[in-house]
Structure formats: C-alpha cells, structure tokens
Amino acid sequence: MAFLPKAIVEKNIKERSRTDRLKKQRTDYEAYLGVDPFTQKPVRISRGDKKELEQDIADFYRRHKFGGDAAARLTAIQAIDAKNAYDVLASANLKVSLFDVASAYVGGLNAKDSPTVKKSVAEAFDEYYRGKVDGADKTKTFSTVGKWAQKNGGKQLVAVTAKDVATYLQTNYGTHKPKTYNSHLLYLKTFFNWCCKEERKYLPKNPIKSLELKPDPWEEPEYMKPDEVRRLFALLELAKGEKPELLAYAVASFFCGCRAVEIQRMAADPDAAKINIEEETVRIAKAKGYQQGKRPRAFHIEPTAIAWMKSFDFLGALKKVTNDTLLEIFDLARRNGIHVFQNCGRHTFITYHVAAYGDPAKTTAMVGTSDKMRADNYCGLATKKDGEAYFKILPAVA
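So, a few notes on the structure that sits alongside this text. (Residues numbered from 1 in each chain as written. Predicted model: local features only at pLDDT ≥ 70, side-chain atom pairs only at ≥ 80, totals over all residues. Heavy atoms only, no water.)

**Things to note about helix 9 (residues 226-239)**
Part 1 of the reasoning: Over its 14 residues, helix 9 runs 20 Å from end to end, which matches the ideal 20 Å to within 8%, given 1.5 Å per residue.
Part 2 of the reasoning: Where helix 9 is concerned, the buried positions are Pro226, Val229, Leu232, Phe233, Leu236 and Glu237. All buried residues of helix 9 fall inside an arc of 140° around its axis, so they share one side. Exposed residues lying more than 90 degrees from the buried face of helix 9 are Asp227 and Leu238. (Helix = DSSP H or I, 4+ residues; strand = E, 2+ residues; numbered from the N terminus. Expected span 1.5 Å × (residues − 1). Buried < 20%, exposed > 50% of the residue type's maximum accessible area, 1.4 Å probe, protein only. Arc of directions from axis to C-beta.)

Dropping the structure here:
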C-alpha cells in the first residue's frame, strides 16, 4: 500500500520548532502519509496548528476512501470544484472529461491574449527577484511576492486569477492592519505589471488590476521619546567594540534621517554616498528611487551626528553593515525593554528636527521626502523642548 493507514499517520505526527527570518520561534506539526504511487515521492502535510493538521489528514483519507489514490491527490477545494464542473457539463448534456475541457479552453485563447512565453509562477518570480538590486526593496519583495510565489510556484502564470489572489490576501492578511494588506497587494500588482511588459509578455494583462486597496484610516505617527533613544545609544556604544556597525547604522538613521535602503547601499557601494566628516557634509548619490531618475541630495551633518561619527571609526563600521544589522539593533533594543518599530530612526529624526529647528523645508531637503509627507506625518508631534533634548544625546566617550 502506497499510503499508510490513517491511525498510524495520526499517531506519528511530529512537532518541530524552527526560527523564522525575523528570528522568532515557530512550532509546526508534520505528518508523513506515505509515498504517492504516481510520482513515487513522499507525501507530507505540515501545518502551524495541530487541529488543522488533523482535519487535513481526515479530509485526505476521506477522499482516498471514495476515490482511491487519484482522488487523494486533490485538495478538498479541487474535489469540490471538479464535482461542480461535472454538474455543469451534465446539465449541458456534454459527456467530456475535465481534461478535454481544460485543453480546449487553453487552446482557444485568443491569439492577441496569449502570452508570448509561457512561464510558471516560480520561474517568473525567480527572474523578477534576480533583477532586483540588493537592499530594502529586494527584501520586501521576497517577504511579499516571494511568500505568494512559494504557495503558488507550480501554477502557470496564465492560470492565476483575481479571485485566487484576493482569497490569498484575505486569508493571510485580512485581519492585519490595512497598511500591511495594501503593501502585499501593491507589491503583487508591481510583479504582475512586470510580467505584462512587452519585452516579456508572460501575461496578456494584469490579472489583479481590479483589486482595490483597503481604506487606511489615519493614525497618529509613531516616534521614540528622547529617553528611549538615549538608552538605545548607550547600549550601542557599549557594543561598538564587538559590533561597531550597529552604532554606525543607528547614527545614519537616528541623526541623519537616512532610509534603510540608503544605509545598506552606503555599506555595499562606495559610489552610493560621499560622507565627509571633517567638512561635515553628506551627498546621497543613490537615494531611494535613483534608478527611476530621483536626483541626489546633499546636506550638512548635524553636530550631534558629527560627535557620534568622531567617537569611533564610523566610516569603517558603516562598511560592515549587512541586511541583518537592523534586526540585530531591534533585537538588542527589545531584550532591554526599548520599544522599536519599522523606520523608527528616520521617523524620530524628522519629528525632532522639525520640532527643534522649526524649519520644515530644511528638514525635507535633508531627508529627501515630500513637503506633503512631512506635513502629514511629522509636523507638530513633538515640542521644541523635546527636540532640543533629542539633539543633546551625545557619546559618553568623545
């Protein structure tokens, strides 16, 4: 027998612990069902919830009991879909197989709507991802489009429907904040637009063009208090002997307002930015959007940042920054009870720079954001007193 008895499968469910990309501990439950008689490959089901796994095992053996090995290969949804399809064919008095129907449908696509090159989801994503420049956008692409591609890798691009993607988004991110849901949707739309480009023509049109973003209610922007930043920098200063790149990253973020992608480029590409500590100037040559024509920006470094840069080998430490550096800073902060969040360094810098100096136009020019973005998210949040306190956070050893 290719598949094991249901009782043995349930008895031998394995509990496994793993660490995900965010270094959080996860527990999975896995069942080994035996060997697929068609492919001769082992069949396993893994779920994050044991009850969900037991239900899936029961569904598998229910299909196997009534339809044999072939039926067991279908998911519950596929089995229902097949039953509905046969009902439609029967009502039309058509005695044909689903294989014949699918072949006729694919072969009958209008020539103008047919993709020039047929690609699977996995093939298209691999090509798309390889073309990304290392940095925050590439990382975000992997955590959004990449997650979807992992679940749908074997599917042909032309078979992807708006309903499929809408169901995926609602199932995985429907209960998250609208910003998270919308972020995944936007990255998926960008991927499908790339697939539709004339030079590729992997798709005749974007299948999820009609999917709409969720309304995103305005929330009070989040930023750190001066005392929290002071505590964080005290920890980073203590760790600079072993991990100086943590402090270098924080200085560029909290006291220069640089974006994560810009800091990572500074580390990897000597042409991404020119930092002259003696003359107290920075020129960001490869800012966010430079590949789409965004111009460089230059500004004078704040005295607080200069003091930190001169307290250690800042430029040398900056070259050691990796994609994991920010995660290490966050881990250090959280282990010591300091609340940190996405883009907290840049957001905090902009908030206090506006509060301390009262020159929003100067702040906007320094950080490369729009006047609207600055006005909507940073003005009026903090007092001048807090702003001045923030820029008095200096190294203990100069």
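**Side note on empty space enclosed by the protein**
Over the atoms rolls a probe the size of a water molecule, and in doing so it shows where empty space is left.
Part 1 of the reasoning: Taken as a whole and assessed by the stated rule, the structure comprises 1 cavity of 30 Å³ or more.
Part 2 of the reasoning: Looking at the largest cavity, its volume works out to about 40 Å³.
Part 3 of the reasoning: Lining the largest cavity are Ala252, Cys256, Cys258, Met266, Ile275, Val282, Phe299, Met309 and Phe314.
Part 4 of the reasoning: Counted by class, the lining of the largest cavity contains 9 nonpolar, no polar and no charged residues. (1 Å grid on protein atoms, 1.4 Å probe; cavity = no way out; pocket = protein on both sides within 12 Å on 5 of 7 lines; lining within 4 Å. Points joined across faces, edges and corners; volume = space filled by probe spheres on them. Nonpolar A, V, L, I, M, F, W, Y, C, P; charged D, E, K, R; others polar.)

**Things to note about the sheet that holds strand 6 (residues 297-300)**
Part 1 of the reasoning: Taken in spatial order, the 3 strands make up an open sheet running 4-5-6, and their pairing is antiparallel. The outermost strands of the open sheet, each flanked by one partner alone, are strand 4 (273-276) and strand 6. Neighbour-to-neighbour, the strand axes of this sheet turn through a mean angle of 10°, independent of strand direction.
Part 2 of the reasoning: In this structure, strand 5 (residues 281-284) lies alongside strand 6, joined through 4 bridges in antiparallel fashion. Following the sheet pairing, Arg283 is matched in strand 6 by Ala298. (Pairing = 2+ DSSP bridges. Axes fitted to C-alpha atoms, helices over the stretch in contact; angles between N-to-C directions.)

**Concerning the environment of Ala298**
Part 1 of the reasoning: The topology assignment puts Ala298 in strand 6.
Part 2 of the reasoning: Under the relative-accessibility criterion, Ala298 is labelled exposed at 54%.
Part 3 of the reasoning: In this structure Ala298 touches Val282 and Arg283, once residues within four positions along its chain are discounted. (Contact = heavy atoms within 4.5 Å.)

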